[in-house]
Amino acid sequence: METRKVDKRSPIPIYYQLKNIIREKIESGEWKPGDRIPSIPELSRYHEISQMTARQSISELCDDGLLYSIQGKGTFVAKPKIARDLSYLSYFTDQIAKSGFKITTTLLNTEITEAPEDIAEKLEIEPRDPVILVHRLREIEGEPFYLETSYFSKELCEGLLEKDLSQHSLHFLLENHLGYQIDQAVMTIEAVGANSYQGRMIRVKRGTPLLSITQITYLADNRPIQFVRAVSRSDKFKYSLKRRSVR
């Protein structure tokens with residue numbers, strides 16, 4: 001193992017130093033996704049620290065999504081998280097494709113149904129008015145990661161049902177095939193535990209932390225055109241947002 005060692009004279013906690021040493025190896029590209037890193041006993045011997053300290057560093061890096069462990073095989077460098085910039089309303093599939101990932105979409109269900117009261121409120125229509133429901137699963141490199149259900153007013157978006165909903169961004173279809181001008185969106189993100197259905201579809205255990213996302217999308221005239229509920233694997237994504245000071 002050729003790397004710098006922790007400095008026991010430093011006021012910085014030893015476990016945190018080791019975390020940074022491993023993080024540097026990963027971020028520099030010296031340790032690549034899929035590489036097996038030294039074991040906890042190896043790290044302990046090399047740095048002359050306790051296995052408990054080394055284990056804490058590895059555990060926190062696993063929680064951060066930089067490493068993952070396989071029982072009986074060791075600890076490995078994880079694939080980098082997919083970065084998504086929320087500052088702009090761009091096509092979801094295009095943004096991920098630009099990161100170099102292959103994305104596929106499976107259409108699970110589409111139907112015309114009556115709007116429940118909460119959906120009607122979001123779309124500014126009457127309860128029980130007809131809405132188009134589109135339920136889809138997104139996969140990256142063959143791994144499911146994003147489960148979404150979108151609602152559209154049938155009166156505004158009936159032509160949507162004529163399009164291939166498994167091949168295109170819904171925003172792309174709204175703008176390029178139905179002729180709408182999307183202007184803004186209001187998004188909420190919170191942490192939730194996967195329920196049984198979500199866990200089965202995204203292939204995680206029930207209770208696994210997911211990102212729950214809701215969004216109302218508005219046209220240029222401030223009419224809501226889409227309401228979406230989605231869950232995303234929290235170990236696959238990282239979000240960024242450009243913020244400005246209020247003056």
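Anyway, here's the lowdown on the structure attached to this text. (Residues numbered from 1 in each chain as written. Predicted model: local features only at pLDDT ≥ 70, side-chain atom pairs only at ≥ 80, totals over all residues. Heavy atoms only, no water.)

### Some points on the packing of helix 1 (residues 14–27) against helix 3 (residues 51–63)
Phase 1 of the analysis: At a minimum axis separation of 8 Å, helix 1 and helix 3 run at an interaxial angle of 50°. Regarding the angle of helix 1 to helix 3, the classification is oblique. As helix 1 packs across helix 3, the resulting crossing turns out to be right-handed. Judged by residue contacts, Ile14, Tyr15, Leu18, Lys19, Ile22 and Arg23 of helix 1 engage Thr53, Ala54, Gln56, Ser57, Ile58, Glu60 and Leu61 from helix 3.
Phase 2 of the analysis: Broken down by class, the residue content of the contact of helix 1 with helix 3 amounts to 7 nonpolar, 3 polar and 3 charged. (Axes fitted to C-alpha atoms, helices over the stretch in contact; angles between N-to-C directions. Helix = DSSP H or I, 4+ residues; strand = E, 2+ residues; numbered from the N terminus. Parallel < 35°, antiparallel > 145°, perpendicular 65-115°, else oblique. Left-handed = near helix turned anticlockwise from the far one by under 90°. Contact = heavy atoms within 4.5 Å. Nonpolar A, V, L, I, M, F, W, Y, C, P; charged D, E, K, R; others polar.)

### Some details on the packing of helix 2 (residues 40–47) against helix 3
Phase 1 of the analysis: The interhelical angle for the contact between helix 2 and helix 3, taken along N-to-C directions, is 120°, at an axis separation of 8 Å. One finds that helix 2 runs oblique with respect to helix 3. Relative to helix 3, the crossing made by helix 2 is right-handed. Only Gln51, Ala54, Arg55 and Ile58 of helix 3 make contact with helix 2, whose side of the interface consists of Ile40, Pro41, Leu43 and Ser44.

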